[in-house]
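Per-entry structural report
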2 protein chains.
Amino acid sequence: MLNQIRVVLVGTTDQRNIGSAARAMKTMGIHELVLVQPEELPEGKAQALAAGATDVLANATIMDNLADALADCSLVLATSARNRTLDWPQLTPREAGVKGIQEAVSGAKVAIIFGREASGLTNEELQMADFHVHIPANPDYSSLNLAMAVQTVSYEMRMAALATQEAPEQAPQGISEDYPLHEDLEGFYNHLERALAATGFIIRKHPGMVMTKLRRLFNRARPEKNELNILRGVLASVERASGASVTLHEQQDSTTSQDGENH
Amino acid sequence: MLNQIRVVLVGTTDQRNIGSAARAMKTMGIHELVLVQPEELPEGKAQALAAGATDVLANATIMDNLADALADCSLVLATSARNRTLDWPQLTPREAGVKGIQEAVSGAKVAIIFGREASGLTNEELQMADFHVHIPANPDYSSLNLAMAVQTVSYEMRMAALATQEAPEQAPQGISEDYPLHEDLEGFYNHLERALAATGFIIRKHPGMVMTKLRRLFNRARPEKNELNILRGVLASVERASGASVTLHEQQDSTTSQDGENH
């Protein structure tokens, strides 16, 4: 899907932005870059900023006019600041990602056009697009760096592509942990109650709300087997350490249980 | 909402990335920047790349340690490459945006931590977070530039904020819990470690993996204020009960700590 996506940079003035854009693309799994009339060819400075994405630079195509760069594409998206003079169907980056991947899945070639650092795309260039993509930036300061805009739109393309892949089998999100049997969990709660009684925090016969609140807390965490083992080990050591002074705390129960209840 | 969001850059080596991050933040409407032990202070090079966001740089706070930068935050998100050695509750940038804004709406302070360009965040730093945020990048080349990561997560925060504004009466579902400040949570973990040492379950100087695993468990549960109070009460009573027999268990430390390590 993502290999159906082509990023087209028009009239880029600073080759470093071409390098950063290449890096941004590759981190999101997009590799096809076309440069239309770049003012600087991507050389040393661009390669430095491309970091591990110099292959994207090396494979970039340089063209003289935008129409040629779009010729074999069936969906063309043009990024732009919101444009009142030119009323065109407009998408958010998220909508653009969904639409772009939908068409890519059906084998279509999709182009995303990014304009000049200072002046963006001309109205004539914008009119070559099926949709305009507007990043809903801070109205007080909406000037994203060119490569940042490439990162943002590429990110949404990738998110849409991943969603399409995951959709079929609805992968459970990381629920592969090894959970204890319910009876083991109950065994832990009984042990916890014994240990809290041993320290004098609660009276066994009148635990108040303490056990209920602790159950709620631990259930929310849903301890795994190995975690339950650690907790059992902690409780055992608490019982051992309390042993010597249990009688003392038995006498304090009436007061210490108040502590417990008040919590 | 977005003015409740704080971006925290840890150990940034290149000040130009601080400048680009400031620009990325401001284009998405986020203004609060904290720098923890930056290797270069943001000066000329950073200001050049900040472009129209030099005010974000000028207002940035510089701190000596991460805990101070998070002390007054009730939700802490840490960006990380997926981490197999440290299995922590993980969010996509989109999920992080929704969660961050939900809590910001209820007045909470939200921190997003970004690590060093080369090495990211240490496990110790990652463990200070409630959630890890993983950008689902291209497995063949997942190295986003630092400022690109700031742009992406800030973009999702802004998208979530805009969605909330558009649907104001959509009450955030059950995000009204009263969560403790981060410094209170750290205070609990310190108390827990002292108590486990008092019972002889761990040696203070060699806690092994026990504290990490317990942090992971409790962070997953995300204790509310009243629950944290109960846990503090339990730890206090454990320390009281252990007091009488501490010396005995000091002698056992080497063996009992093995129990801990083996779990």
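Residues numbered from 1 in each chain as written. Chains lettered and ligands numbered in written order. Predicted model: local features only at pLDDT ≥ 70, side-chain atom pairs only at ≥ 80, totals over all residues. Heavy atoms only, no water.

Selection criterion: UniProt positions are given in the numbering used here, feature names are shortened, and annotations may be inferred rather than shown by experiment.
Going by the annotation in an unreviewed UniProt entry, the name recorded for chain A is tRNA (cytidine/uridine-2'-O-)-methyltransferase TrmJ, with Aliidiomarina halalkaliphila given as the source organism. Per UniProt, chain A has the following entry under Subunit (unreviewed entry): "Homodimer."

Examining the side chain of N138 of chain A
Put simply, the rule reads: Labels follow the DSSP assignment, with helices taken as runs of H or I lasting at least four residues and strands as runs of E lasting at least two, numbered in each case from the N terminus. Note on contacts: a residue pair is in contact if any heavy atoms of the two residues lie within 4.5 Å.
Within the element layout of this structure, N138 of chain A appears in the loop between β7 (131-133) and α7 (146-166). Ignoring anything within four residues of it in the chain, the contact list for N138 of chain A reads K26, T27, M28, G29, H31 and R158 of chain B.

A word on the domain arrangement of chain A
The line we're drawing: In this document the domain limits rely on a domain assignment from an automatic tool or a database.
For chain A, the assigned domains are domain 1 (2-170) and domain 2 (182-242). On a C-alpha basis, the centroid separation for the pair domain 1 of chain A and domain 2 of chain A is 56 Å.

Concerning the interface of chain B and chain A
Put simply, the test is: Buried area adds together the accessible area that both of two parts lose upon being put together, with accessible area traced by a 1.4 Å probe. Counted as salt bridges are all cases of a side-chain nitrogen of Lys or Arg within 4 Å of a carboxyl oxygen of Asp or Glu. Whenever two N or O atoms come within 3.5 Å, that pair is a polar contact, provided that in protein one can donate a hydrogen and the other can accept it, and provided that, for residues adjacent in sequence, both atoms are side-chain atoms. Under the scheme applied, nonpolar residues are Ala, Val, Leu, Ile, Met, Phe, Trp, Tyr, Cys and Pro; charged residues are Asp, Glu, Lys and Arg; polar residues are all the others, including Gly.
Facing the 65 residues of chain B at the interface are 65 residues of chain A. For the pair chain B and chain A, the summed buried area comes to about 5,200 Å², and 63% of that belongs to carbon and sulfur atoms. For the salt bridge of E224 of chain A with R220 of chain B, the shortest nitrogen-to-oxygen distance reads 3.7 Å. Our enumeration of links across chain B and chain A arrives at 30 residue pairs in polar contact (both at pLDDT 80 or more). Broken down by secondary-structure element, the contributors of at least two residues to the side of chain B that touches chain A are α1 (15-27), α5 (93-105), α7 (146-166), α8 (182-199), α9 (210-221), α10 (225-243) and α11 (246-262) of chain B. A per-element tally of the side of chain B that touches chain A places α10 of chain B first, with 11 residues. Grouping the constituent residues of the side of chain B that touches chain A by class yields 31 nonpolar, 21 polar and 13 charged.

Describing the confidence of the model for chain A
All names here are of chain A. Threshold: Scored from 0 to 100, pLDDT records how confident the predictor is in each individual residue.
Of the residues in chain A, 87% reach a pLDDT of 70 or more, and the chain-wide mean stands at 86. Throughout residues 169-176 the model reports pLDDT below 50, and contacts reaching past four residues in sequence, or to other chains, amount to 2 contacts. A low-confidence stretch, residues 244-263 (pLDDT under 50), is modelled with 32 contacts involving residues beyond four sequence positions or located in other chains. The complex model carries a pTM of 0.79, and its ipTM stands at 0.78.

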